[in-house]
Amino acid sequence: MINLTKDAGVWTVTLNRPDKANSLTKAMLEELAQIAGDAAGQAQVLILTGEGKVFSAGADLDEARAGLATDDVWERLSGAIAAAPCLTIAALNGTLAGGAMGMALACDIRIAVPSAKFFYPVMKLGFLPQPSDPARMSALIGPARSKMILMAGQKIVADEALSWGLIDRVVDGEALIDTALDLADHARGQSPDHVAVMKAMIPS
């Protein structure tokens, strides 16, 4: 359910559970966190994307009911992505919902297809977001807009997400991965150490 390809310093991770809207099980989250950790010192670029028309609907419903919705694995995953010393790119092939938003917020760059929507319905469900997500979201789009998503439960479309700064570029679906690889091109030509030093110079 997680596919990983490695090509000349670029690791591409694909959520491959399209029949379940790429909803995430604990095993998938653990594997994603492991990959993000392994990328340190090995990859210059880490790209996250999904198969099908949805990037991820968040937690697998059955596992969410059994406690996954509040498991600390979500925070460990987003922390591992944020700590990765390589360039991290979320290539969002479709809608991003719930706890899955944490991994995209932790990336350095976010691109998305025009049909993508963004929502995080924790208030309605009676949960709290992952601890680091509100701060990362607010750093991108400000506190009022973060409250619109997290507290008012608003569903944001791609053009609005772009104008807010939640994503950095809207890309036609057929060009999504090519665009991500184009963004990766300069970093992939340098050593992992060089990429890490430059990334450390840029305040997050």
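One can find the structure itself at the top, above this paragraph.
Heads up: these notes are all about the structure in this document.

Parameters at a glance
Residues numbered from 1 in each chain as written. Predicted model: local features only at pLDDT ≥ 70, side-chain atom pairs only at ≥ 80, totals over all residues. Heavy atoms only, no water. Axes fitted to C-alpha atoms, helices over the stretch in contact; angles between N-to-C directions. Helix = DSSP H or I, 4+ residues; strand = E, 2+ residues; numbered from the N terminus. Parallel < 35°, antiparallel > 145°, perpendicular 65-115°, else oblique. Left-handed = near helix turned anticlockwise from the far one by under 90°. Contact = heavy atoms within 4.5 Å. Nonpolar A, V, L, I, M, F, W, Y, C, P; charged D, E, K, R; others polar. Salt bridge = Lys/Arg side-chain N within 4 Å of Asp/Glu carboxyl O. Buried < 20%, exposed > 50% of the residue type's maximum accessible area, 1.4 Å probe, protein only. Pairing = 2+ DSSP bridges. Core = buried A, V, L, I, M, F, W, Y, C linked by side-chain atoms within 4.5 Å. Arc of directions from axis to C-beta. Patch = residues over 30% accessible without salt bridge, like charges linked within 9 Å, V, L, I, M, F, W, Y side chains within 5 Å. Areas by Shrake-Rupley, 256 points an atom, 1.4 Å probe, with all protein chains shown as cover.

## Details of the packing of helix α1 (residues 26-38) against helix α3 (residues 73-83)
Item 1. Remark: α1 packs on α3, axes separated minimally by 8 Å, with the N-to-C direction vectors making an angle of 20 degrees. The angle between α1 and α3 falls in the class roughly parallel. For the pair α1 and α3, the crossing hand works out as left-handed. Between α1, through Lys26, Leu29, Glu30, Leu32, Ala33 and Ala36, and α3, the contact on the second element is made entirely by Val73, Trp74, Arg76, Leu77, Ala80 and Ile81.
Item 2. Grouping the constituent residues of the contact of α1 with α3 by class yields nine nonpolar, no polar and three charged.

## A few points about the pattern of salt bridges
Item 1. One pass over the full model with this rule turns up seven salt bridges.
Item 2. The shortest N-O distance in the salt bridge between Arg76 and Glu30 comes to 3.1 Å. One end of the pair, Arg76, is in helix α3; the other, Glu30, is in helix α1, and 46 residues separate them in sequence.
Item 3. By relative accessible area, Arg76 is classed as partly exposed at 37%.
Item 4. Several salt bridges converge on common partners, so that one network encompasses Glu30, Asp72 and Arg76.

## Some words on the sheet that holds strand β1 (residues 2-7)
For sheets, the rule is that strands pair by backbone hydrogen bonds, running either parallel or antiparallel.
Item 1. Read from one edge to the other, the open sheet built from six strands follows the order β1-β2-β3-β5-β7-β10, with strand pairing classed as mixed. The sheet is open, and its two edges are formed by β1 and β10 (169-170), each paired on a single side.
Item 2. Two elements, β1 and strand β2 (residues 10-15), share six bridges in a ladder whose sense is antiparallel. Residue pairing for β2: Asn3 is matched across the bridge by Thr14.

## Quick word on the nonpolar core
Item 1. Counting 65 residues, the largest nonpolar core has Leu24, Leu92 and Phe118 as the members making the most contacts within it.
Item 2. Per-element tally for this core: the top contributor is α1, with six residues.
Item 3. Setting aside its immediate chain neighbours within four residues, Leu24 contacts Leu15, Leu29, Leu32, Ser56, Gly58, Ala59, Asp60, Leu68, Trp74, Ala100 and Met103.

## Focus: helix α7 (residues 143-150)
Because an α-helix completes one turn every 3.6 residues, residues spaced three or four positions apart along the sequence face the same direction.
Item 1. If you check which residues of α7 are buried, you get Ser146, Ile149 and Leu150. Looking straight down α7, one finds that the buried residues subtend no more than 85 degrees of arc, so they occupy a single side. Exposed positions of α7 whose direction lies more than 90 degrees from the buried face are Ala144 and Lys147.
Item 2. For α7, the elements touching its buried residues are α5 (122-125), α6 (133-141), β9 (156-157) and α8 (158-164).

## With respect to the sheet that holds strand β6 (residues 95-97)
Item 1. The strand order β4-β6-β8-β9 describes an open sheet built from four strands, whose pairing is mixed. Taken across any chain shown, the strands that pair with only one partner, and hence form the sheet edges, are β4 (54-56) and β9.
Item 2. Across two bridges, β6 lies against strand β8 (residues 117-119) in parallel orientation. The residue of β8 that forms the bridge with Leu96 is Phe118.

## Quick notes on the packing of α6 against α7
When two helices pack together, their arrangement is given by the angle between the helix axes and by the axis-to-axis distance.
Item 1. Relative to each other, α6 and α7 sit at 130 degrees, their axes nearing to 7 Å. For the element pair α6 / α7, the angle class is oblique. For the crossing formed where α6 meets α7, the hand is right-handed. Taking contact as the criterion, the partners of Pro134, Met137, Ser138 and Ile141 in α6 are, on α7, Pro143, Arg145, Ser146, Ile149 and Leu150.
Item 2. When its residues are assigned to classes, the contact of α6 with α7 shows six nonpolar, two polar and one charged.

## Describing a nonpolar patch on the surface
Item 1. There is a patch of nonpolar side chains on the surface, built from Val197, Met198, Met201 and Ile202 and spanning about 450 Å² of accessible area.
Item 2. Counting through the fold element by element, Met198 comes out in helix α10 (residues 192-201).

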